[in-house]
Amino acid sequence: MVGKGAKGMLNGAVPSEATKRDQNLKRGNWGNQIEFVLTSVGYAVGLGNVWRFPYLCYRNGGGAFMFPYFIMLIFCGIPLFFMELSFGQFASQGCLGVWRISPMFKGVGYGMMVVSTYIGIYYNVVICIAFYYFFSSMTHVLPWAYCNNPWNTRDCAGVLDASNLTNGSRPATLPSNLSHLLNHSLQRTSPSEEYWRLYVLKLSDDIGNFGEVRLPLLGCLSVSWVVVFLCLIRGVKSSGKVVYFTATFPYVVLTILFVRGVTLEGAFTGIMYYLTPQWDKILEAKVWGDAASQIFYSLGCAWGGLITMASYNKFHNNCYRDSVIISITNCATSVYAGFVIFSILGFMASHLGVDVSRVADHGPGLAFVAYPEALTLLPISPLWSLLFFFMLILLGLGTQFCLLETLVTAIVDEVGNEWILQKKTYVTLGVAVAGFLLGIPLTSQAGIYWLLLMDNYAASFSLVVISCIMCVAIMYIYGEHSSLRPPVTRPLARPLCVVGLLTPPLSRAPELLPGHPDDAGIPTAPLLSDLLALRLSCHHLPPGSGPPPPPPESSSLRVAPGAECAPPPAPTARGSDEA
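Counting restarts for each chain: residues are numbered from 1 in the order of the written sequence. Thresholds applied to this predicted model are a pLDDT of at least 70 for local features of residues and 80 or more for the giving and counting of side-chain atom pairs; totals over whole chains, interfaces and linings are not thresholded and use all residues. In computing side-chain values, all of the structure's heavy atoms are included and hydrogens and water are not.

What follows covers the overall build of the chain. Counting its regular elements, the chain contains 27 helices and 0 strands. Taking all 579 residues of the chain together, 52% fall into the buried category. When contacts within the chain are restricted to residue pairs at least 6 apart in sequence, long-range pairs at least 24 apart make up 81% of them. Using a 1.4 Å probe, accessible areas were evaluated by the Shrake-Rupley method; residue-level cover was limited to the displayed protein chains. Total accessible area on the chain stands at roughly 25500 Å², and carbon and sulfur atoms take up 66% of it. Helix and strand definitions here come from DSSP, where helices need a minimum of 4 consecutive H or I residues and strands a minimum of 2 consecutive E residues; each element is numbered from the N-terminal end. Exposure categories follow from relative accessible area, calculated using a 1.4 Å probe and restricted to protein chains: below 20% of the type maximum is buried, above 50% is exposed, and the middle band is partly exposed. Throughout, a contact is declared for two residues whenever any of their heavy atoms are within 4.5 Å.

In structure tokens:
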């Protein structure tokens, strides 16, 4: 009976009694495990899956990019994802509280908070722009369809009809063939691009010239922050219910757009442009770097959100199963979104008579210029535009929920008293208000410059640095030799060897395997930094505060549970030692 019960706990099939015993009455838990999985999927599947991955794929060798992408997923993404989930679930703390295991690395937690703050500020600005386009689509004719608007310039050339290519200021002797015009006119700008630059943003000429705050964008920014706050007003109890819609409906919209896209003329050309492999690209280091950065950015590793979401799990939840499901779902969504994007772009390229590369773009240029322009070619274009931007809003909100909850949970867990636990709603409100105020400069005429600057540098190489330090801290400093380690640390050793190759010193690689001897046949011993970190951990986590230690093994070298934190024995005479 004991063996069956233990096996059930290890597999995540925990009896009801154990579930009640592990309920965290102080912090609360997810209503059920589906809420955690859907929240994590919504967190991982974001705007980058739609506007970043398809562009990286076609730029870095098409289908050949899938090879380094899935290699990075298997050897970096899933192990890191699993490590963060198990780390947060074991400690039941946010990205700051978990570092009680080794307080000298608490700066990693602050680094995660800084990354989440940067991303949370500009991410909601992107959501507010999607709100703006969503509201602008509620019309019979999309405002970026033609060049007859007050903000259009002489260089505007639309794609719908040759009679609508100009705003009336060009000579009537222009060529009537649209393809010929688009291929030979170097001054051509699309109405969607002019709508984006000259009307929505009123873009300034320099990053230092802020100009005026765009009041329509400011209003949409307030709407987006209000929506995020209301969905998190009761923490994971309320957001866990919202994700049933926000995490699933984007797949419905993607499927609708995919079915519509593949039925269009030229869709096959766009999809082949997306998938055709260029194997020589695999030899370029930049391709592997883009694959790694996309995995880090897309899965949300080192942002602190995974640790935070897992901290609300029950202690014996099967987080290994969850990490595999969520990681694969995220990457499969990226590939699926590529079909949706390039089927429409292939249709647009076919309509214009140009190569797909002429219409392909990434980032805000894809979401707010290229794809909206392609939607104007479809019948009932406002309907497709509404669906597309509603999907972007939901994808952004799913990530924004976790970013805000990460900051709130870190603050509440760090203070840790009963008062702040009861006033968590006010903490959420304060963080939301601060995020709104910090986002106001991004709604100015120079705001898009700063948004792209934060997008390029806030979550790029910093994620790799944070992840490497976290791996070193957990596997080397906290380590296999600590009796306070979580029972999930040992399975992490093998997959994290690959991540450990990125971190010095490599001479300590044998310590990743417990009890593995070095070349001289002598079991490896902890270094001074290990002992110092262990003493600090023992100071903050006294013996008995963690889970029950594993059963002792038949080895004279095994240290008794709690012995690491015990005071050193009194010195004895050499003769008594030998006796």
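As a further point, take helix H7 (residues 106–136). Take the residue count of a helix, subtract one, and multiply by 1.5 Å to get its expected span. Helix length check: H7, at 31 residues, gives a terminal C-alpha distance of 45 Å against a target of 45 Å (1.5 Å per residue), a fit within 8%. Counting buried positions over the 31 residues of H7 gives 23, a clear majority of the element.

Let us look at the packing of aromatic side chains. In this scheme Phe, Tyr and Trp rings, the latter by its six-membered ring, pair at centre separations within 6.5 Å, and the angle between planes marks the pair as stacked below 30 degrees, edge-to-face above 60, and tilted otherwise. Considering all chains together, one arrives at 41 aromatic pairs under this definition. With 6.2 Å between their ring centres and 50° between their planes, Phe245 and Phe390 make a pair best called tilted. Residue Phe245 is found in helix H11 (residues 236–246), and its partner Phe390 is found in helix H19 (residues 381–415); the two are separated by 145 residues along the sequence. Overall, Phe245 belongs to the partly exposed group, its relative accessible area being 40%. For Phe390, a relative accessible area of 24% gives the class partly exposed.

By definition, disulfides here are pairs of cysteine sulfur atoms that lie within 2.5 Å. A complete count under the given rule lists 1 disulfide for this structure. At a sulfur-sulfur separation of 1.9 Å, the disulfide partner of Cys147 is Cys156. The chirality of the disulfide connecting Cys147 with Cys156 is left-handed, given an S-S dihedral of about -70°. The two residues Cys147 and Cys156 agree in class, both being buried. In this structure Cys471 is not part of a disulfide, and its nearest cysteine sulfur, from Cys468, lies 6.4 Å away.

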